[in-house]
Amino acid sequence: MSVITTDNLTKRFPRVTALDHLTVEVQSGVVGLVGANGAGKSTLIKILLGLSPATEGTARVLGLDVATEGGAIRERVGYMPEHDCLPPDVTATEFVVHMARMSGLPATAARERTADILRHVGLYEERYRPIGTYSTGMKQRVKLAQALVHDPQLVLLDEPTNGLDPVGRDDMLGLIRRVHSEFGISVLVTSHLLGELERTCDHVVVIDGGKLLRSSSTADMTAYTAMLAVEVTERQGEPEFDADAALLARLAEAGLTATVDGGHVVLVELTGDEVYDVIRDAVADLGVGLVRLEQRRHHISEVFAVNPAVEEEVAHV
Ligand SMILES: Nc1ncnc2c1ncn2[C@@H]1O[C@H](COP(=O)(O)OP(=O)(O)OP(=O)(O)O)[C@@H](O)[C@H]1O
């Protein structure tokens, strides 16, 4: 089922076109929206919520028109904004109950849902502490909790891992997966970090300069390549023996094309099943150990190779 569709969606500010005839369809599941800073991700989210009008084109969220049905969309959709927007002097419980009441939940239901959702995001123990005393990771969890408290069908998460260290990031990504797997809520999550989308999302939409660069399943983006990655040990008692070079020479003799990739991995073109046998025999003849022999996958960042400027900015921010 498609949860978001846009058709020629365009947003022009006086000095910049933030979205440029964007036509894309997002299915239910966990979908990543990736692009460098300024690519148009936040602008798209604000239009989808009915908070900002498009200059041109149309968009529908859960079948509802963003131009005319913003209120109905916001009832059914949760939103986690990118920037810090939390009141420091109230507790997480007070804040999330307040947001639940704003969404129309009666007082008792709002309190029950708040307790449930704060437990789910791992803030139950600290729920009566003022938000101002929280770490960045805890604040991000409060923002996620308020986006989920009214039990939406879809949540839009704008850079939820911003400012988190690697462990905090992994925890947040795990939570996001569980939002879908345990509650059945669809997720659109923005990021400029490719690695996290690869692990978290079923589908990835890539935009650059407000234009669609690519929309495809994560599995397609990380499909197997026609390359085998081979890693071998050094020869016992002969640390000066260059096992990689020797293996390359053997494979070349057998008519195979191989290179050494950066560190210590020999990449062999997989032209047929017999390549596995050639490698096994070469390794045995050389008297080295086989550490790894596997078919290589594409890396999601290779998608960006079509536009090196984007690759640079997205990969290194
Ligand atoms: N209210 C506004 N007025 C003028 N220009 C704007 C406004 N909001 C966004 N822009 C511009 O539109 C472009 C897209 O911005 P947007 O915030 O959507 O990008 P983004 O992909 O979310 O990037 P970031 O991760 O940095 O927020 C940028 O060039 C930005 O400067």
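Residues numbered from 1 in each chain as written. Predicted model: local features only at pLDDT ≥ 70, side-chain atom pairs only at ≥ 80, totals over all residues. Heavy atoms only, no water.

The protein is annotated in an unreviewed UniProt entry as ABC transporter ATP-binding protein of Streptacidiphilus fuscans.

**Q** How would you explain the site of the ligand if you had to name every residue and give the values?
**A** In the vicinity of the ligand, 13 residues are found, and the nearest of them are Gly38, Gly40, Lys41, Ser42 and Thr43. Between the ligand and Lys41 there is a distance of 2.9 Å, counted from an oxygen atom to a backbone nitrogen or oxygen. Here Ser42 contributes a side-chain N or O atom positioned 2.7 Å from an oxygen atom of the ligand. For the ligand, whose free accessible area comes to 630 Å², the fraction covered by protein is 61%. With respect to the detected pockets, the ligand is housed in the second largest pocket. Elements with a contribution of two residues or more to the shell around the ligand: strand S2 (16–27) and helix H1 (41–48). It is H1 that contributes the most residues to the shell around the ligand, three residues altogether. For the shell around the ligand, the residue count by class is five nonpolar, five polar and three charged. (Near = heavy atom within 4 Å. Polar contact = N/O pair within 3.5 Å; in protein donor to acceptor, adjacent residues only side chain to side chain. Areas by Shrake-Rupley, 256 points an atom, 1.4 Å probe, with all protein chains shown as cover. 1 Å grid on protein atoms, 1.4 Å probe; cavity = no way out; pocket = protein on both sides within 12 Å on 5 of 7 lines; lining within 4 Å. Sits in = over half its atoms within 2 Å of the grid points. Helix = DSSP H or I, 4+ residues; strand = E, 2+ residues; numbered from the N terminus. Nonpolar A, V, L, I, M, F, W, Y, C, P; charged D, E, K, R; others polar.)

**Q** For the domain arrangement of the protein, give the residues involved together with the corresponding values.
**A** What the domain assignment reports for the protein is domain 1 (2–221) and domain 2 (224–297). A separation of 45 Å is found between the C-alpha centroids of domain 1 and domain 2. (Domains from an automatic or database assignment.)

**Q** Account for unusual backbone geometry, with residues named and values stated.
**A** Here the phi dihedral of His21 falls at roughly 50 degrees; this positive angle occurs in a residue that is not glycine. The topology assignment puts His21 in strand S2. His21 gets classed as partly exposed once you look at its relative accessible area, which sits at 37%. Residues other than glycine seldom take positive phi values, yet Glu159 does so here, at roughly 50 degrees. Along the polypeptide, Glu159 turns up in the loop between strand S7 (154–157) and helix H6 (166–183). (Buried < 20%, exposed > 50% of the residue type's maximum accessible area, 1.4 Å probe, protein only.)

**Q** I'd like to hear about the sheet that holds strand S6 (residues 77–80), residue by residue, with values.
**A** Here six strands make up an open sheet; going across it, the order is S6-S7-S8-S3-S9-S10 and the pairing mixed. Each end of this open sheet is capped by a strand with a single partner; those strands are S6 and strand S10 (211–217). When strand polarity is set aside, the average angle formed by the axes of neighbouring strands in this sheet is 15 degrees. Here S6 runs beside S7; their pairing, made up of four bridges, is parallel. When the bridges of S7 are listed, Met80 appears paired with Leu157. Against the sheet, H1 contacts strand S3 (30–34), S6, S7, strand S8 (186–191) and strand S9 (203–208), and its axis sits at roughly 150 degrees relative to S8. Those strands touched by helix H5 (residues 136–148) are S6 and S7, and its axis lies near 165 degrees from that of S6. (Pairing = 2+ DSSP bridges. Axes fitted to C-alpha atoms, helices over the stretch in contact; angles between N-to-C directions. Contact = heavy atoms within 4.5 Å.)

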